[in-house]
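Given next are the chains, with one letter for each unit.
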Amino acid sequence: MSEGPACDYVGCSSIGTIVSRLSPEGYLVATGKKAYSFREAYRRFHYCSHHHDELMSGVWSRVRKPDDKKDGHVAPTAI
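Residues numbered from 1 in each chain as written. Predicted model: local features only at pLDDT ≥ 70, side-chain atom pairs only at ≥ 80, totals over all residues. Heavy atoms only, no water.

### Section: the overall build of the protein
Within the protein, the regular secondary structure consists of 2 helices and 2 strands. Taken from N to C terminus, the helices and strands of the protein fall in the order β-α-β-α. Put simply, the protein has 79 residues, and 23% of those count as buried. The long-range share in the protein, meaning contacts at least 24 apart out of those at least 6 apart in sequence, stands at 54%. Working note: accessible area of the protein is about 6,100 Å², and carbon and sulfur atoms make up 55% of it. (Helix = DSSP H or I, 4+ residues; strand = E, 2+ residues; numbered from the N terminus. Buried < 20%, exposed > 50% of the residue type's maximum accessible area, 1.4 Å probe, protein only. Contact = heavy atoms within 4.5 Å. Areas by Shrake-Rupley, 256 points an atom, 1.4 Å probe, with all protein chains shown as cover.)

### Describing the confidence of the model for the protein
When pLDDT is averaged across the protein, the result is 83; 78% of the residues are at 70 or more. Element-level mean pLDDT values for the protein span from 87 in helix H2 (residues 49–64) up to 97 in strand E2 (residues 45–47). (pLDDT = per-residue confidence, 0-100.)

### Some thoughts on the side chain of serine 20
Relative to the assigned elements, serine 20 resides in strand E1 (residues 18–20). Classification of serine 20 by relative accessible area gives buried; the value is 9%. Excluding its chain neighbours within four sequence positions, the residues that come into contact with serine 20 are Arg43, Arg44, Phe45, Tyr47 and His52.

### Considerations on H2
With 16 residues, H2 extends 22 Å between its outermost C-alpha atoms, agreeing within 8% with the 22 Å of an ideal straight helix rising 1.5 Å per residue. Turning to H2, its buried residues are His51, His52, Leu55 and Val59. The buried residues of H2 occupy an angular sector of 105° when projected down its axis, which confines them to one face. Along H2, exposed side chains directed more than 90 degrees from the buried face belong to Asp53 and Arg64. (Expected span 1.5 Å × (residues − 1). Arc of directions from axis to C-beta.)

Next up, the structure:
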C-alpha cells in the first residue's frame, strides 16, 4: 500500500510529497474551468523532493535568461 500519490515526473515511482502547480515541463496548465483563484485555475501535480528541486531549478534558469525577456510571455505571478 502506498503512502500517497506517485511523483508526476515521467519515469519516477517515488511518492509525490510536494504539491505544485507546475507541470513536468515547467509550465502552468489551466484546468479549463471557470476559476476565481489561482488554486482553482491551474492543475495540481505531485513531485518527490528531488524532481521538484530539478523542476524549480529549470524554471529559475529560464526566468533569469536575458534573451527571454522580450517575447511577450506573461510571468506566472502576473496572473
